[in-house]
Amino acid sequence: MKYTLVSVPALGQKQNTLLNITNKLKPFAEIHPFAIPDFKIGTLDALVLLSDELVRHDTAFEQSVNKTADVLSNLVRGQPDALVQDFLLVNDKTVDQYLNSFQWNSMKYRTDKSLQETTQTLVQEMNSMDNLIKNKLNVYTQNRNTLQTLHRKQTGNYSVRNLNGVVKKEHCVLNSEYLTTLFVAVPKTAYKQWLNSYETLTSMIVPRSSVKVAEDNEYGLFSVTLFQRVVDEFTHKAREEKFVVRDFQFDEDALRKQQQELQETEEIEREQLTELIRLARTNFGEMFSAWAHLKAIRIFVESVLRYGLPPDFLSVTIAAEPKFEEKLDQILVDQYGHLGGVHGFDKQKQADTTEELLDHDLQTVNSATYRPYVQFHLEFDLERR
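Only a predicted model underlies this, so the values are computations on that prediction, with no experimental measurement involved. Every chain is numbered independently, its residues counted from 1 as its sequence is written. Per-residue local features of the predicted model are confined to residues with pLDDT of at least 70, and side-chain atom pairs are confined, for both listing and counting, to 80 or more; whole-chain, interface and lining totals are unaffected and use all residues. Only hydrogens and water are set aside when side-chain values are computed; all heavy atoms of the structure are taken into account.

J.: Would you explain the side chain of Asp 216 in this entry?
T.: Inspection of the secondary structure assignment puts Asp 216 in the loop between strand S6 (211-215) and strand S7 (219-227). A distance of 2.5 Å separates the side chain of Asp 216 from the backbone nitrogen of Tyr 219, its partner in a polar contact. Any two residues whose heavy atoms approach within 4.5 Å at even a single point are treated as in contact. Contact partners of Asp 216, with chain neighbours within four places excluded, come to Asn 157, Tyr 158 and Lys 188. Counting from the N terminus, the helices are the DSSP runs of H or I reaching at least four residues and the strands are the DSSP runs of E reaching at least two. Between N or O atoms, a polar contact is any pair within 3.5 Å; within protein, one atom must be a potential hydrogen donor and the other a potential acceptor, and residues adjacent in sequence are included only when both atoms are from side chains.

J.: Honestly, unusual backbone geometry in this entry has me stumped. Any pointers?
T.: Across residues other than glycine, the phi torsion is negative in most instances, and most of the peptide bonds are trans. Cis rather than trans, the peptide bond between Leu 309 and Pro 310 has omega equal to -10°. Positive phi, close to 55°, is recorded for Asn 91, a residue that is not glycine. Topologically, Asn 91 is positioned in the loop between strand S3 (89-90) and strand S4 (93-94). Summary of the burial criterion: residues with accessible area below 20% of their type's maximum are buried, those above 50% are exposed, and those between are partly exposed, where the area comes from a 1.4 Å probe applied to protein chains only. For Asn 91, a relative accessible area of 51% translates into the label exposed. One non-glycine residue, Met 204, adopts positive backbone phi at about 65°. For Met 204, the position within the fold is in the loop between helix H5 (191-197) and S6.

J.: Would you explain the pattern of salt bridges in this entry?
T.: Pairing between side chains of opposite charge can happen when their charged atoms approach one another. Salt bridges, as used here, are contacts in which a Lys or Arg side-chain nitrogen is within 4 Å of a carboxyl oxygen on Asp or Glu. Applying the stated criterion across every chain yields a total of eleven salt bridges. Among the ionic pairs, Lys 257 bridges to Asp 251, the shortest N-O distance being 3.8 Å. Between Arg 278 and Glu 275 there is a salt bridge; the shortest N-O distance is 2.7 Å. Here Arg 278 and its partner Glu 275 are both found in helix H7 (residues 254-307), three residues apart, which amounts to about one turn of the helix. A network of salt bridges, in which partner residues are shared, links Asp 58, Lys 295 and Arg 298.

J.: Looking at this structure, I do not really get the UniProt feature "coiled-coil region" (unreviewed entry) in the protein. What am I missing?
T.: UniProt positions are given in the numbering used here, feature names are shortened, and annotations may be inferred rather than shown by experiment. With numbering matched to this structure, UniProt assigns "coiled-coil region" (unreviewed entry) to residues 248-276. Between the C-alpha atoms that bound residues 248-276 the distance is 37 Å, and the span itself is 79% helix and 0% strand.

J.: Which parts of the structure should I look at to understand helix H8 (residues 325-336)?
T.: Side chains of residues three or four places apart in an α-helix project in the same direction, reflecting 3.6 residues per turn. Each residue after the first adds 1.5 Å to the expected span of a helix. Compared with an ideal rise of 1.5 Å per residue, which puts twelve residues at 16 Å, H8 spans 16 Å between its outermost C-alpha atoms and is within 8% of the ideal. Those residues of H8 that sit buried are Leu 328, Asp 329, Ile 331, Leu 332, Val 333 and Tyr 336. The elements touched by buried residues of H8 are strand S1 (2-9), helix H1 (14-25), strand S2 (29-33), strand S9 (313-320) and strand S10 (374-379).

Given below as structure tokens:
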């Protein structure tokens with residue numbers, strides 16, 4: 001979805017200007033008025049400074065909106081029967097519907113305040129929502145990683161899997177002052193090596209004490225009984241032979257605790273996911289609305305700087321099919337190229353118009369995107385989500 005936001009002089013006839021643009025462009029695009037109220041203007045110098053700030057804010061707003069949309073899309077995509085489009089709404093409208101019927105929210109952003117104050121309010125709101133999503137996402141990601149670790153411990157091979165429920169009481173030497181039982185994951189290809197060498201890895205190994213407790217596709221889990229004083233040495237020697245000594249202490253309640261921890265973590269993850277989807281959905285709508293309002297301020301500021309006082313311009317949204325974008329651009333240039341100065345507007349001679357512009361336009365005029373009328377783009381890629 002790519003919208004072109006255009007503002008042109010109305011010459012006291014907004015309705016006629018809208019009809020004129022619509023008639024010229026309607027074969028190639030959908031056109032809707034983009035209603036902007038009359039703001040407190042202040043000084044020209046203040047508007048020039050604000051114009052520069054709005055460029056930076058616009059870029060930041062776009063990044064925040066798209067980042068939140070990506071977060072929401074990734075969360076929703078894993079939900080059964082959930083369509084991303086149903087969650088990317090603004091005031092219960094699709095993005096297209098919202099922009100095509102845009103109205104300034106005067107209850108939330110009072111027009112009797114200065115443009116600088118309103119802009120700062122929008123920036124603070126966007127930063128607050130951005131940080132809230134970021135913090136909630138970090139908490140959710142940490143818990144999800146914990147849950148994945150718990151699942152791996154239950155489903156991995158015996159070199160990493162939790163041994164609670166696998167090792168039974170009868171496999172262990174318990175309550176001995178001198179002896180202990182270790183459990184070692186041995187690659188299947190190394191069974192013979194293990195059985196021939198485990199008694200000689202260190203001294204103080206109980207002869208013929210190794211028993212295969214369990215087996216998976218990659219490893220066999222063997223027990224071995226030895227004196228406690230040589231546990232560290234045995235572990236080191238076993239590691240050199242590619243045998244994995246597991247850190248495990250038998251606990252009859254461990255399996256119950258493990259299952260309880262997994263269940264609690266799953267419940268927390270589900271609750272956090274639901275809350276994060278709700279928050280991202282709400283914030284996306286608020287963020288996109290703030291971005292549209294910032295665009296409105298930017299159009300107003302540039303229109304006043306470009307066309308002068310009192311404000312008398314018409315702004316519209318233009319949604320063109322990609323194959324007609326160049327055609328529409330040429331129609332607008334033909335219609336409003338005279339705004340570039342007495343020489344008119346010529347893409348090949350953009351420098352000719354330089355002296356006709358305010359100082360804040362001097363950098364823009366050398367860009368291929370410059371037009372003699374006010375024009376901005378608003379792009380939101382719904383398809384990639």
